[in-house]
Amino acid sequence: PIAIRYPRGQGVTLDWQKPFSEIEIGKGVCLRKGKRIAALSIGIMANPVKEAIDNLEDENTDIAHYDLRFVKPLDHKLLNQIFQNYEQIVTVEDGCIKGGFGSALLEFAARHHFSVPIEVMGIPDTFIQHGTTEELFKSIQLDSQSISEKLKDLIRR
């Protein structure tokens, strides 16, 4: 079985009418190279993560960005490379923190004995009020500005 999740809101790609390209199931991609911190996003969160990194100006060369594309199966080969090459990892998802993408990464790290610090950003296990996607992301610190602040904090550590 396979599931495609369509998020609320509007798309951001202006020239979306392109031919399909085949992607391998379970394979992530590197969207940006960096030196110290790896930001791992899933789904639509690639856009605010990219914007957050772009907003960091001088510090953005420290941050790599990977779009994992799949929660199941995880890209074990890519994750092994990430865990071996970065000092810190942050996951960003528009799903629940508990039992979501970030949790899967924590399990992967534990199973393979990686000790790289991992910060998980996502939807907290609390009631979220109604609002626009932008309002809700801002209220739970998943907007690009909040992601930038988290990345700045990780750079300072």
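Above this note sits the structure.
Fair warning: this is a prediction, and the values are worked out from it, not measured in the lab.

Peer 1: Even after reading the chapter, I still don't get the nonpolar core, so can you show me in this structure?
Peer 2: As a rule of thumb, soluble globular proteins bury nonpolar side chains together. Membership of the largest hydrophobic core comes to 21 residues, with the highest contact counts inside it found for Leu40, Tyr66, Leu79, Ile82, Phe83 and Ile89. Where this core is concerned, the elements lending two or more residues are strand E2 (37–41), strand E3 (63–67), helix H2 (76–85) and helix H3 (101–111). Looking at this core element by element, the count peaks at five residues for H3. Dropping the residues within four chain positions of it, Leu40 is found in contact with Tyr66, Leu68, Leu79, Ile82, Ile89, Val90, Thr91, Val92, Phe101 and Leu105.

Peer 1: Help me understand the pattern of salt bridges in this model?
Peer 2: In a structure, side chains of opposite charge can pair up when their charged atoms sit close to one another. The final tally for this structure, using the stated rule, is ten salt bridges. For Arg32, the salt bridge identified is with Asp54, shortest N-O distance 3.0 Å. Of this pair, Arg32 sits in strand E1 (residues 29–32) while Asp54 sits in helix H1 (residues 46–54), and the two are 22 residues apart along the sequence. Under the relative-accessibility criterion, Asp54 is labelled partly exposed at 34%. Ionic contacts of the salt-bridge type, sharing partners, join the residues Glu119, Lys150, Asp153 and Arg157 into one network.

Peer 1: Help me understand the sheet that holds strand E5 (residues 118–123) in this model?
Peer 2: Adjacent strands of a sheet pair through backbone hydrogen bonds, lying either parallel or antiparallel. The strand order E1-E3-E2-E4-E5 describes an open sheet built from five strands, whose pairing is mixed. A single partner strand is all that each edge strand has here, and the edge strands are E1 and E5. For this sheet, the mean angle separating the axes of adjacent strands, direction not counted, is 25 degrees. Bridge count between E2 and E3: five bridges; the pairing is parallel. Looking across to E3, one finds that Ile37 is bridged to Ile63. Docked against the sheet, H2 engages E1, E2, E3, strand E4 (88–96) and E5, running at close to 150 degrees with respect to E2.

Peer 1: Got a minute to help me understand unusual backbone geometry in this structure?
Peer 2: Leave glycine aside and you will find that most residues have negative phi; peptide bonds, for their part, are mostly trans. In this structure, Pro73 follows Lys72 across a cis peptide bond, with omega equal to 0 degrees. Inspection of the secondary structure puts Pro73 in the loop between E3 and H2. Within the chain, Arg69 stands out as a residue other than glycine whose phi angle is a positive 65 degrees. Topologically, Arg69 is positioned in the loop between E3 and H2.

Peer 1: How should I be thinking about the packing of H1 against helix H5 (residues 144–156) in this particular structure?
Peer 2: As a packed pair, H1 and H5 sit with axes 8 Å apart at the nearest point and diverge in direction by 55 degrees. Classified by the angle their axes make, H1 and H5 are oblique. Two packed elements cross with a definite hand, and for H1 against H5 that hand is right-handed. Residues Pro48, Val49, Glu51, Ala52 and Ile53 of H1 form the contact with H5, whose own contacting residues are Ser144, Ile147, Ser148 and Leu151. Looking at the contact of H1 with H5 residue by residue, the classes come out as six nonpolar, two polar and one charged.

Rules used in this analysis
- Residues numbered from 1 in each chain as written.
- Predicted model: local features only at pLDDT ≥ 70, side-chain atom pairs only at ≥ 80, totals over all residues.
- Heavy atoms only, no water.
- Core = buried A, V, L, I, M, F, W, Y, C linked by side-chain atoms within 4.5 Å.
- Buried < 20%, exposed > 50% of the residue type's maximum accessible area, 1.4 Å probe, protein only.
- Helix = DSSP H or I, 4+ residues; strand = E, 2+ residues; numbered from the N terminus.
- Contact = heavy atoms within 4.5 Å.
- Salt bridge = Lys/Arg side-chain N within 4 Å of Asp/Glu carboxyl O.
- Pairing = 2+ DSSP bridges.
- Axes fitted to C-alpha atoms, helices over the stretch in contact; angles between N-to-C directions.
- Parallel < 35°, antiparallel > 145°, perpendicular 65-115°, else oblique.
- Left-handed = near helix turned anticlockwise from the far one by under 90°.
- Nonpolar A, V, L, I, M, F, W, Y, C, P; charged D, E, K, R; others polar.

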